[in-house]
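Coordinate inspection notes
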Amino acid sequence: MGAAGMDWQAFGVSLKLAGWTGLLLLPAGLILARTLAFHRVPAKGLVEALVAAPLVLPPTVLGFYLLTAFGGNSALGQAWTAAFGHPLAFSFAGLLAASLIFNLPFAVQPMQRAFEALPTDVRQAAWVSGLSPWRTFWRIELPLAWPGVLSAMALTFAHTMGEFGVVLMVGGSIPGETRTLALSIYDRVQAFDARAAGAMSAVLLAFSLVAIAVAYGLTGRVGRRHG
Amino acid sequence: MRSLIFALALVLAPLAARAADAPAVAAASDLSAALPEVAGAFQKATGQTVKLTFGSSGNFTQQIQNGAPYEIFLSADESYVQTLQAAGRTQGPGELYAVGRIGLFLPKGSPLKPDATLKDLGAAARDGRLRKFAIANPDHAPYGRAAREALQAAGVWDAVQPKLVLGENVSQATQFATSGSAQGGVIPLSLAITPQVKAAGRFVPLPADRHQPLRQRMVLLTGAGPTAQAFYRFLQGPQARTILARYGFTLPARR
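Keep in mind the model is a prediction, meaning the values are calculated, not measured.

What about the overall build of chain A?
Along the backbone of chain A there are 11 helices and 0 strands. Mapped in sequence order, the helices and strands of chain A form the string α-α-α-α-α-α-α-α-α-α-α. Projecting the C-alpha coordinates of chain A onto the three principal axes gives extents of approximately 65 × 40 × 25 Å. Within the span of chain A, comprising 227 residues, buried residues form 46% of the whole. Long-range contacts, defined here as pairs at least 24 residues apart, represent 74% of the contacts in chain A between residues at least 6 apart. For chain A, the distance from the average position of its 14 positive side-chain charges to the average position of its 9 negative side-chain charges is 10 Å.

In structure tokens form, the structure reads like this:
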């Protein structure tokens, strides 16, 4: 514990979780968002509903399913334990897997909106000029859609920093491994340490406000450019 | 600044790295004031550290059965240790380390009387003075179950039940009671002794024969390493016993 009881170790776990979540969801989200925006996807409504589900599902429901999926009684849990010697649940890797799922809508939706906002004639012009789809993506689509991509990353980062319910259910609050800042705040409140809880809550609040401001600022840019 | 560098180092630490030999200890919430002191004394004596997690004993039992990587479990109720032993998750039957006590806590300004017979609590529930009463969830928190038994023994359970707010564990129930949003609660003596709770209201111990004794058992779990074993021994030593006694626990006879 450092100044004002701030739990830097939990802060580190949260940062690490948010960083890895963003890093892994960036390519996965781009592929998914772009596919949904530009291609004919069978049962697109269902896929979009699945992507959006973590937005509305209670974290306990998501946490319960993930715990069941990761636990020692599932095939996944058993395979993981056989490979790594410890179960997926209650480990940082398990937390990260859960984080990827509960952040899917925060990563995919802003990117999908950004791709959908690209005028079709711009992409068609690129193809006519002989650009391959890959080069079109790198040279045309990504530069135009980047505010949406960045705002997706900002939201994902902020949401991971603050997520509580799912982390509580699949994490186990082990210091240095699965105790995130949000869980540390919960623990401090229960330990009657209002000062530390207050200090850490202020840090989370500041983080979230900055991230949301970034996300909104960038979304505004997209709107102005294509509006 | 050093803390920030430490935080950054954690961020950059490789994903697969498991923590060094600082074993994770799962402990019942009634220990949340006493056990950090024991762990501090252990660190002073041996230079080794443990990672403490507090929660309800029932939830820990679930988590350990599902493979949570704890190396020691300090339950508030020995039946949970027996459950884990039957499931093959423990090294032996464990050790009785303390017997807990509960009492009635009334926050400052509560309209209730500090009455250990709980008669006034029943009356307050009927005449509307009592709006909310906090206990831990009896389904998975041993202190919640003891609270329910005490309320039943006093014949006030039916009157109080509609007013209950349930904490996920006994620390949370204590939090509810001390915050003043509930007019009272049943909390452990070990938490009532802490300065924060003392300052927040009044506490009257309930007679120990009004509920099943809170026989708190601890156990080494399968896979416990040398540091966990050292801490387990330390918990049975004189320093740890002195600390636990100071927090109001009745100690089992030394073997």
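Next comes the rest of the account.
Here's the deal with unusual backbone geometry
Unusually for a residue other than glycine, S173 of chain A sits at a positive phi of about 55 degrees. Positive phi outside glycine occurs at L118 of chain B, with the angle close to 65 degrees. Mapped onto the elements, L118 of chain B comes out in the loop between β5 (102–107) and α5 (119–127). By relative accessible area, L118 of chain B is classed as buried at 2%.

Observations concerning the environment of A215 of chain A
All names here are of chain A. Assignment of secondary structure puts A215 in helix α11 (residues 194–226). With a relative accessible area of 1%, A215 lands in the buried category. Taking the C-alpha atoms as reference points, A215 and P110, separated by 105 residues in sequence, lie 9.2 Å from one another. Aside from chain neighbours lying at most four places away, what touches A215 is S151, A154 and L155.

A word on the sheet that holds strand β8 (residues 184–188) of chain B
Residues and elements named next belong to chain B. Ordered by their spatial adjacency, 5 strands build an open sheet running β7-β6-β8-β5-β9, and the pairing between neighbours is mixed. Strand pairing shows two members of the sheet lacking a second neighbour, β7 (164–167) and β9 (201–205), which therefore form its edges. Adjacent strand axes in the sheet meet at a mean angle of 30 degrees when their direction is disregarded. As paired elements, β5 and β8 share 4 bridges and run antiparallel to each other. Counterpart to G103 in the pairing with β8 is I187. Across the sheet, helix α8 (residues 170–178) touches β5, β6 (133–136), β7 and β8, and the angle it forms with β6 is around 165 degrees.

Details of the side chain of Q112 of chain A
Residue and element names in this part refer to chain A. Along the chain, Q112 falls in helix α6 (residues 104–116). By relative accessible area, which is 2% here, Q112 ends up buried. Separated by 2.6 Å, the side chains of Q112 and E48 make a polar contact. What Q112 contacts, discounting residues up to four positions off in sequence, is A33, L36, A37, K44 and E48.

Observations concerning the nonpolar core
By size, the foremost hydrophobic cluster in this structure holds 63 residues, and its most contacted members are L35, L74, L121, F133, V160 and F231 of chain B. Summarising the domain contributions, this core has at least three residues from each of domain 1 (24–99 + 213–247) and domain 2 (102–205) of chain B. Leaving out residues up to four positions away in the same chain, F133 of chain B has contacts with L104, L121, L151, V160, K163, L164, V165, A182, G184, G185 and V186 of chain B. Of all hydrophobic cores here, the second largest spans 31 residues; its members include F102, V170 and L183 of chain A together with V81 of chain B.

Some points on the UniProt feature "binding site: molybdate" (unreviewed entry) in chain B
Residue and element names in this part refer to chain B. Residues annotated in UniProt with the feature "binding site: molybdate" (unreviewed entry) correspond here to S57 and V170. Spatially, the listed residues are clustered: although they cover 114 residues, their C-alpha atoms lie within 10.1 Å of one another. From this annotated list, the subset lining the largest cavity comprises S57 and V170. Along the chain, S57 falls in helix α3 (residues 57–65). Residues in contact with S57, not counting those within four places in the same chain, are A28, F73, S75, A76, D77, Y80, H140 and P142. Structurally, V170 can be placed in helix α8.

A word on the domain arrangement of chain B
Residue and element names in this part refer to chain B. Each assigned domain of chain B is listed with its residue range as follows: domain 1 (24–99 + 213–247) and domain 2 (102–205). Each partner contributes residues to the interface: domain 1 has 16 residues there, and domain 2 has 18 residues. Here domain 1 meets domain 2 over a buried area of about 1300 Å², counting both sides, of which 57% is carbon and sulfur. Contact with domain 2 buries surface across domain 1, with D30, L214 and Y247 losing the most and accounting together for 39% of the total. Inspection of the domain 1/domain 2 interface yields 1 salt bridge.

Focus: the packing of aromatic side chains
Residues and elements named next belong to chain A. Applying the stated rule across the entire model yields 15 aromatic pairs over all chains. Within the aromatic cluster, the residues linked to one another by ring pairs are F38, F115, W134, F137 and W138. Its end group placed over the ring of F92, K16 keeps NZ or CZ at 4.4 Å from the ring centre.

As for the pairing of β6 of chain B
All names here are of chain B. Here β6 shows a buried face lined by F133 and I135 and a second buried face lined by A134 and A136. One ladder, built from 4 bridges, connects β6 with β7; its direction is parallel. Across the sheet, the residue bridging to A134 is V165, located in β7. Sheet topology places β6 next to β8; 2 bridges connect them, and they run parallel. Looking across to β8, one finds that A134 is bridged to G185.

Cut-offs used in this document
- Residues numbered from 1 in each chain as written.
- Chains lettered and ligands numbered in written order.
- Predicted model: local features only at pLDDT ≥ 70, side-chain atom pairs only at ≥ 80, totals over all residues.
- Heavy atoms only, no water.
- Helix = DSSP H or I, 4+ residues; strand = E, 2+ residues; numbered from the N terminus.
- Buried < 20%, exposed > 50% of the residue type's maximum accessible area, 1.4 Å probe, protein only.
- Contact = heavy atoms within 4.5 Å.
- Lys, Arg positive; Asp, Glu negative; His and termini not counted.
- Charge placed at Lys NZ, Arg CZ, Asp CG, Glu CD.
- Pairing = 2+ DSSP bridges.
- Axes fitted to C-alpha atoms, helices over the stretch in contact; angles between N-to-C directions.
- Polar contact = N/O pair within 3.5 Å; in protein donor to acceptor, adjacent residues only side chain to side chain.
- Core = buried A, V, L, I, M, F, W, Y, C linked by side-chain atoms within 4.5 Å.
- Domains from an automatic or database assignment.
- UniProt positions renumbered as here; feature names shortened; annotations may be inferred.
- 1 Å grid on protein atoms, 1.4 Å probe; cavity = no way out; pocket = protein on both sides within 12 Å on 5 of 7 lines; lining within 4 Å.
- Buried area = accessible area lost by both parts, 1.4 Å probe.
- Salt bridge = Lys/Arg side-chain N within 4 Å of Asp/Glu carboxyl O.
- Phe/Tyr/Trp six-rings, centres within 6.5 Å; stacked < 30°, edge-to-face > 60°.
- Lys NZ or Arg CZ within 6 Å of the ring centre and 35° of its normal.

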